[in-house]
Amino acid sequence: MSDELFNREEFVAYFRDEAEELLQQIDADLLKLEECVNTGQTDPEMINSLFRALHTIKGSGGMLGFTDVQGLAHKLENLCDLLRKDRMPLSETVVDLLFHGRDLLTDYVESAVTGAPPPSGVAEYTSRLDQFVAIYEETSHVIEGRTGPELKFEDAAGGAENKQVSGAEVDAFEAEVARLLAEAETGQPVAAPQPAPEPAAPPPAAEAPAVEAPAQPEGAAAKPAAKGQDAQKRGSIHQTIRVDIERLDALLNLVGELVINRTRISDIANTLERLMNDRATAGDSTMGASHAIVAPLAKDLADSAALLARTTNEIQESIMKVRMVPIGQVFDRFPRLVRDVAKARGKEVQLLISGAETDLDKTIVDEVGEPLMHLLRNSVDHGIEPPDVRQQRGKGRAGTIRLNAYHEGNQIIIEVTDDGGGIDLDKVRARGIRQGLISSEDRLTDRELIELIFTPGFSTAEVISDVSGRGVGMDVVKKNITRLKGIFDVDSVSGQGTRFTIKLPLTLAIIQALLVRVVDELYAIPLDSVIESQRVEMPDVRTVHGHEVITLRGQVVPLVRIADFFELGGARDPEKVMIVIVGLQGRQVGLVVDSFEGEQEIVIKPLSDVVGRIPGISGATILGNGSISLIIDVHSLVSDAYVSGKAARAEFSGV
């Protein structure tokens, strides 16, 4: 086959995406099967879904020559086939085998796609899996009266003649099967059972007992209906197409340029109309004939600008919707994570997910997975108490973690809530003093104590484990959320639990901003960080320990003069100051500017590598008149105001 007809790289990329989705589906199915083990009920459709996913991975891997993927998927498929045909009971051992096989299959897929070394321990696992499957296959052959690959049942029964089987022989057979299963599960030889004495043969006249037809397995009657439901689902599935994210990024950049030019044309139309009105009002005698020509053109330009604005908005919204994907793509990874961490810590944890259908920009979805993983691991390891401790505190043995997502304006809110013991602030304070982060004389509020857990290297765990203890979790969460222009907040009640709240913008490309002027420069402040803007008289501004603050509705708010922060110079107004109150994680800071220039939709342009990172600046934008405006990094300004101690000193000075 020619390269034009078969682009291997394209097929491998498609296989990777498809396998990732199927492996997540396998995880979800296995978690449901594990619940079935606890309840004693089996859902045939769930097993069929698991079988189909493994079969698809096997076929796709074989087509691309990934023999390791194909071989392991085939072995797992055999195990699921026994469950499908009711030849094997569903047990915890079976589910653990499938979980282990799923992990190895994930490693094999990664190895096949990237060329990384294959996973270790596969030979031991497949040997155990083969023994386990072989035993049940032999058992099903004997029960159904067929010949297995190793057991010649006809020879044992005297050719084709049927032989009466005694009860003792049945008992001995069941005991031998149990012994073989024990060997397969533990890997240790188990002594064979001693044969029981055979009872006397029954009189020749005795009739053989009637053999009842095997009962139909539970749920078998539902299979035809399930197939009908599958056909109905397939008929209602929307047609979709996979598009490379880089193509969407390029399209979004073009839309950004279109938005900039739309704003520029609108500004030109408004400026032209204003100039003509000013000259007409002033009674300019030269207007005459030129006014009759220019006025209709100005009106046509304004109408065209309005039409362009509507069309651009529709294109922009359409592109944004194309980039939106359900956050459930990330949430689907976490039930397995919580299950594994809870088992490793000997805890009982239930994860409840809601809002998985909430849409978010693809770029943000890809980046938010790691922070959420750290939060969930932290909730299981530090938040949820051991079952015995929970019982002593009057709680249920199983803890509950809730993962919720929902839209709020132009933001998405993600909450991770647990009903554990909450953050032990005394332990946090003691560890902060021990690590030299604070002194024993420092007077810190509860919120400031909680902020210590985001310090790199900070951990309250007494023992370093594979889950926690090295202090590399919560600081990663805060750093990644801040990089996504998000806000991260923590609320904790001792003995009742903790709630982590993440607020993220729906997109990182186009935002609403408040334009402000400082000296001769225009700056853009993201509108989602702005609480209010106001004019304050200079007598209301007070200085505490060398830092300016104001009291706003009983709360002390530190001030940051943008002109001083960026060293722009310029004279200060002795009578009044214009302040933009911005908020971050419950903290408020007043940014002092010279004037407000209105709100505008802006396209965020990252700073080039040549310029590098500038403290207090997160990017730039091109305004309608073609000038460049820098975007203020509210997060760094607020953090600087509080980390430097300005707010803390102000609060405890009785202002």
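In this text the structure is predicted, and so the values were computed from the model without any measurement. (Residues numbered from 1 in each chain as written. Predicted model: local features only at pLDDT ≥ 70, side-chain atom pairs only at ≥ 80, totals over all residues. Heavy atoms only, no water.)

The next subject is empty space enclosed by the protein. In total, this model carries 2 cavities of 30 Å³ or more according to the counting rule given. By volume, the largest cavity is sized at about 40 Å³. Considering the residues around the largest cavity, the lining is formed by I26, L30, L50, L54, L76, C80, L98, R102 and L105. Listed by contribution, the elements that provide at least two residues to the lining of the largest cavity are α1 (8-39), α2 (44-63), α3 (67-84) and α4 (92-114). Counting residues per element, the lining of the largest cavity draws most heavily on α4, at 3 residues. Grouping the constituent residues of the lining of the largest cavity by class yields 8 nonpolar, no polar and 1 charged. A volume near 30 Å³ is recorded for the second largest cavity. Around the second largest cavity sit V259, I260, T263, Q600, E601, I602, V603, T621 and I622, which together line it. Secondary-structure elements contributing two or more residues to the lining of the second largest cavity are α9 (245-281), β16 (595-603) and β17 (617-622). (1 Å grid on protein atoms, 1.4 Å probe; cavity = no way out; pocket = protein on both sides within 12 Å on 5 of 7 lines; lining within 4 Å. Points joined across faces, edges and corners; volume = space filled by probe spheres on them. Helix = DSSP H or I, 4+ residues; strand = E, 2+ residues; numbered from the N terminus. Nonpolar A, V, L, I, M, F, W, Y, C, P; charged D, E, K, R; others polar.)

Among the 7 residues that make up strand β13 (residues 555-561), 6 are buried, leaving the element largely enclosed by the rest of the structure. Of the pairings in the sheet, the one linking strand β12 (residues 547-552) to β13 comprises 4 bridges and is antiparallel in character. Its bridge partner being in β13, I550 is matched across the sheet by V557. Linking two consecutive strands that pair antiparallel, namely β12 and β13, is a turn of 2 residues; a positive phi of about 50 degrees is found at R553 within it. Here 3 bridges tie β13 to strand β15 (residues 587-593), and the two strands are oriented parallel to one another. Note on β15: the bridge partner recorded for V560 is L591. (Buried < 20%, exposed > 50% of the residue type's maximum accessible area, 1.4 Å probe, protein only. Pairing = 2+ DSSP bridges.)

Turning to the sheet that holds strand β8 (residues 510-518), a few remarks are in order. As a general point, the strands of a sheet are linked pairwise by backbone hydrogen bonds and lie either parallel or antiparallel. Spatial strand order, β16-β8-β9-β18-β17: 5 strands in an open sheet with mixed pairing. A single partner strand is all that each edge strand has here, and the edge strands are β16 and β17. Between one strand axis and the next, the sheet turns through 35 degrees on average, direction left out of account. Bridging between β17 and strand β18 (residues 628-632) involves 5 bridges; their strand directions are antiparallel. Note that in β18 the partner of I622 across the bridge is I628. (Axes fitted to C-alpha atoms, helices over the stretch in contact; angles between N-to-C directions.)

On average, residues of the protein chain score 76 in pLDDT, and 75% of them are at 70 or above. In the predicted structure, residues 1-5 sits below a pLDDT of 50 and forms 1 contact with residues beyond four places in sequence or in another chain. Every residue in residues 646-655 is under pLDDT 50, and counting partners more than four places away or in other chains gives 27 contacts. (pLDDT = per-residue confidence, 0-100. Contact = heavy atoms within 4.5 Å.)

With that settled, consider the pairing of β12. Alignment of strand β11 (residues 542-544) against β12, held across 3 bridges, turns out to be antiparallel. Within the sheet, the bridge partner assigned to T543 lies in β12 and is E548.

What follows is about unusual backbone geometry. A positive phi is found at R553, a non-glycine position, where the angle reads about 50 degrees. Residues other than glycine seldom take positive phi values, yet E567 does so here, at roughly 55 degrees. Of note, E567 is situated in the loop between α18 (562-565) and β14 (576-584). For E567, a relative accessible area of 72% gives the class exposed.

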